[in-house]
Each structure stands twice: as C-alpha cells, then as structure tokens.
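Structure at a glance
The lines below spell out each chain.
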Amino acid sequence: MTNKVYESAETALKGIVQDGHTLAVGGFGLCGIPEALITALKETGAKDLTCISNNAGVDGFGLGLLLETKQIKKMIASYVGENKEFERQFLNGELEVELTPQGTLAEKLRAGGAGIPAFFTQTGVGTLIAEGKEVREYHGKEYILEESLTADIALVKAYKADKAGNLIFRKTAQNFNPVCAMAGKISIAEVEEIVEIGELDPDSIHLPGIYINRIVLNTCPEKRIEQMTLKAEA
C-alpha cells in the first residue's frame, strides 16, 4: 500500500489546483471543515472556483476566507445564511449561487462518487427547485430528476487516518465529508491523527482509503463554534 501522507496542506495542493476548478468541501456549518486545506487553497491564488459545500463558512473563517478574496465564482450549497460577504456578493451579482436541498445535495455527491449520473426525488417538487428539471410520475407521485455532482478536488476533514487513507470521522463530521471525498477526482483528507497501516480496526473505518489520494496532519484545528450560546447568570 502507498503512503499517502504529505508534509503540509500546501504541499498536498501544490500543482493540482487550477483556475476554474470545482471543489467539494466537507463539513456541516463550521463542524468538520478542513481548516488548514481551505487556508492553503486561499494561498494558491486560484480563482473562478466552483465550491460544493453544505454552506459557505462565515465571515473570515472556512470558505468565507475565499469569498473575501473573491476566488469563488459559484457556490452550490444548502444553507448560506451567516455570511455577510456572501450576501453582499450575491445581491450585487458578483457570485453565482445554486441552492440545493440538504438531503438532495448529499445524495448528488454520493451518486456522483458511485458513478450514478442522475436520480429522481420528490424533494423540491412544485417549488423553484424543480424549474427546468424533468418530472416523472411513479406510483401516483411526481418526482424531479437531479443530476449528480463530481469535483476536480475534494477537501475533507477526518479525525483519524492510517497511511493508506482509511478514515475515521467523529460525530457530525461524518455527514458531508465522506460523500465529498467520494465525489472528488483527487481527494485530500486533513486529519488530527495518523497511524500505521493495520492499526485501525476494520469495523471502525467509516471511509476506505480507495477514495483518498492525499493526507495532511493538523493536530491543533481551531474548531470554532458557529453560534456560542451561554446561560445568563441568575
């Protein structure tokens, strides 16, 4: 098995990111986002990017960093409500946005990674989501055709990996990260711990290394809280 570990996020991205690329970026809100890889992506200076992600980070963190430098041309996302720069660019016509229901987005990525070009779903029937899409009736109900998604590069965050790229995720980080990794032609995982091949219990692996091309270590991620709520003192 090949050792897929790279020295840093910068070296892992070197030579593979190009202007106009499509990237699938894992995470849910600010949970389970590949912080170091996003920062390294910003430093490449690549522009006109299409980013597929559940949301667009927040101002000054996550994908919000790439919005500030106007490196993102288009966002394919489910929730974009906590980024003022995103709102400003969208309302000014500077950013193209394709809103996709959350479950549909996850399935579009999973299907893309599985080699399935499209699928029918009831989600979005009768709404703006269905505009311009094929509609078919099955068992007396209408379904719309959704095309799957793939990406030139996927950036994901996991808790632990072995050197072959087998990954273990923690809690909420397991939702969009695996399907983003599946959809990427080149998938890079940022992890907090790397162990030798054979040390992971096969039954504990959430994503097999066949989907991962490169691994980078980040032992001290910031793990910022998106909305901190504290109980008022009595």
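Residues numbered from 1 in each chain as written. Predicted model: local features only at pLDDT ≥ 70, side-chain atom pairs only at ≥ 80, totals over all residues. Heavy atoms only, no water.

1. Section: the sheet that holds strand E6 (residues 135–138)
In plain terms, the rule: Strands pair, by our definition, only if DSSP identifies at least two bridges between them. Only DSSP runs of H or I covering at least 4 residues are called helices, and only runs of E covering at least 2 are called strands; the numbering of each starts at the N terminus. Every angle, taken between N-to-C directions, lies between 0 and 180 degrees, and every axis is a line fitted to C-alpha atoms, over only the stretch in contact when it is a helix. Residue contacts are defined here by distance: any two heavy atoms, one from each residue, within 4.5 Å place the two residues in contact.
Strand order across the open sheet formed by 3 strands is E5-E7-E6, with antiparallel pairing between neighbours. Edge positions in the open sheet fall to strand E5 (118–121) and E6, since each of these has one partner strand only. Taking each pair of neighbouring strands and ignoring which way they run, the sheet shows an average axis angle of 35 degrees. Of the pairings in the sheet, the one linking E6 to strand E7 (residues 141–147) comprises 4 bridges and is antiparallel in character. Within the sheet, the bridge partner assigned to Val-135 lies in E7 and is Ile-144. Running at roughly 155 degrees to E5, helix H5 (residues 102–113) makes contact with E5 and E7 of the sheet.

2. Regarding the pairing of strand E1 (residues 22–25)
Operational definition: For the exposure calls, accessible area comes from a 1.4 Å probe over protein chains only, and a residue counts as buried if that area is under 20% of its type's maximum, exposed if over 50%, partly exposed in between.
Residues Thr-22 and Ala-24 of E1 are buried on one face, and the alternating residues Leu-23 and Val-25, pointing to the opposite face, are buried as well. Direction of pairing for E1 relative to strand E2 (residues 49–52): parallel, over a ladder of 3 bridges. Across the sheet, residue Ala-24 finds its bridge partner in E2, namely Ile-52.

3. Notes on the nonpolar core
Put simply, the test is: Here the nonpolar core consists of buried residues drawn from Ala, Val, Leu, Ile, Met, Phe, Trp, Tyr and Cys, with membership extended through side-chain atoms lying within 4.5 Å.
Counting residues in hydrophobic clusters, the biggest one holds 27 residues, and the most contacted among them are Leu-13, Leu-41, Met-75, Leu-155 and Ile-188. Of all the elements in the fold, those that place two or more residues in this core are helix H1 (9–13), E1, helix H2 (35–44), E2, helix H3 (64–68), strand E3 (72–77) and strand E8 (151–162). At 4 residues, H2 tops the list of elements feeding residues into this core. In this structure Leu-41 touches Leu-13, Val-17, Leu-23, Leu-49, Leu-66, Gln-71 and Leu-155, once residues within four positions along its chain are discounted. Ranked by size, the runner-up nonpolar core spans 24 residues in total, among them Ile-76, Leu-149, Cys-180 and Ile-215.

All quantities given are derived from atomic positions and should not be read as evidence of function.
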